[in-house]
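Architecture and fold: a report
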Amino acid sequence: MTVADPSLIPETVGPRFKRHDGSAAGPDDDFLVTPDPSIGEVVSASTNRTLRGYHKGTSNLVNRIALAVLGLIFGGMVSFAIVRGGVDFLGDLLDLDMDRDLLSLAGLAGGAVGGIVFGLVGFFFPLLFRKPTATWVGKQGVMRRIKKRTELLRFADADELKVARTRHYYNGAYTGTSYDYAWFKNGARMFRINGRYHDGKNVSPVDPVNFAFAAERAWTGFRLRQIEEQMKREGVVRFRAGGDWLGVGDGFIEIGWRGAVEQLPKAAIQSLTLSQGTLIIKRQGAKEGLFRSEGVFRFPVAGIGDFRTFLVVLEVFTGFKFD
């Protein structure tokens, strides 16, 4: 898009911000509205709209392919039955002696046509339900505009972020990863970014998963600024982990486990590992058995609030680092 007078370009259009994946926004990207000042300085933004329509890759291709396959199978089966039954009924009505092979051939032809039609409908039908969507990540919060609805989260109004990512497989083959990023305040969900993507393929710059990644980075920066002050005041920072909690201080880890509190200096920790979505802490002399273990603490990562922030704080104050 080329405009002789830049002042004529609406303030919601153009490369006003870099996208969540770090790339430059398009010259005709339409961000729908201006971001709310309460989210602070905008770090990144994205939109699925342009002045000419929608960006490619803004609908879930995996789901569309799945619908196309289902449409192909269902449409083929139904069309085969209808055509074969219809021709057979017409033959009976006209008192014609219909050849069974001819009936099957007619059914197969109808099934093929019906399967293709239903498959195409399944593939393109979701495009009818696309909604203009724009997202922003600021230093103080995040914002999402869907059609005419605005969703806003000021980081100061939340107290933790929980992240869940699950890799899916079918017959041993990777089919995609589902993700769920949810911000909470006193246990009540305040904002959510969720969906599915395929990390083995090039993700579109405007895919919503980039919004989730950018929002987590901004939140982590915000929380680290808070934690710096908290560490000065209290000497320990605690992270909820379901009904338990983990604390990090200068050179030690504090564990709130089943109603008891245990503080482990770094020298008292035998190992600290991540395995299959679980954080495992073993104190020196831990005994691990099939039915009973002593000195072994297991925390599902999905249940640990602000896990990325926890990892940063853990490395800074204890030296433990995960690749």
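Bear in mind that the values here come from a model prediction, so they are computed numbers and not experimental data.

A look at the sheet that holds strand β1 (residues 42-47)
- Reading across from one edge, β1-β4-β5-β6 is the order of the four strands in this open sheet, with antiparallel pairing throughout. Strands at the two margins of the open sheet, each flanked by one partner only, are β1 and β6 (149-154). Each neighbouring strand pair of the sheet contributes to a mean axis angle of 10°, computed without reference to strand direction.
- The strands touched by helix α3 (residues 208-234) are β1, β4 (133-138) and β5 (141-146); relative to β4, the strand with the most contacts, the crossing angle is about 20°.

Some details on helix α4 (residues 307-318)
- For α4, built from 12 residues, the straight-helix expectation of 16 Å at 1.5 Å per residue is met to within 8% by its first-to-last C-alpha distance of 16 Å.
- Of the residues making up α4, those classed as buried are Phe-307, Thr-309, Phe-310, Val-313, Leu-314 and Thr-318. Taken end-on, α4 shows its buried residues confined to a sector of 145°, consistent with a single buried face.

A closer look at the side chain of Arg-223
- Note that Arg-223 resides in helix α3.
- By relative accessible area, which is 9% here, Arg-223 ends up buried.
- Setting aside anything within four residues of it in sequence, one finds Arg-223 in contact with Asp-159, Asp-306 and Thr-309.

Considering the packing of aromatic side chains
- Scanning the model with the defined rule gives 15 aromatic pairs in all.
- Plain terms: the ring middles of Phe-239 and Phe-310 are 5.4 Å apart, the flat faces sit at 80° to each other, and that makes the pair edge-to-face. Of the two residues, Phe-239 is situated in strand β10 (residues 236-241) and Phe-310 in helix α4; the sequence distance between them amounts to 71 residues.
- Given a relative accessible area of 2%, Phe-239 falls into the buried group.
- Classification of Phe-310 by relative accessible area gives buried; the value is 1%.
- Taken together, the aromatic side chains of Tyr-179, Tyr-181, Tyr-197 and Phe-213 make up a single cluster linked through ring pairs.
- The residue whose ring lies beneath Lys-162 is Phe-184, and the NZ or CZ to ring-centre distance is 5.6 Å.
- Lys-266 extends its terminal NZ or CZ atom over the ring of Phe-320, reaching a point 5.4 Å from the ring centre.

How each quantity is defined
- Residues numbered from 1 in each chain as written.
- Predicted model: local features only at pLDDT ≥ 70, side-chain atom pairs only at ≥ 80, totals over all residues.
- Heavy atoms only, no water.
- Pairing = 2+ DSSP bridges.
- Helix = DSSP H or I, 4+ residues; strand = E, 2+ residues; numbered from the N terminus.
- Axes fitted to C-alpha atoms, helices over the stretch in contact; angles between N-to-C directions.
- Contact = heavy atoms within 4.5 Å.
- Expected span 1.5 Å × (residues − 1).
- Buried < 20%, exposed > 50% of the residue type's maximum accessible area, 1.4 Å probe, protein only.
- Arc of directions from axis to C-beta.
- Phe/Tyr/Trp six-rings, centres within 6.5 Å; stacked < 30°, edge-to-face > 60°.
- Lys NZ or Arg CZ within 6 Å of the ring centre and 35° of its normal.

Note that all results are geometric; they support no functional claim without further evidence.
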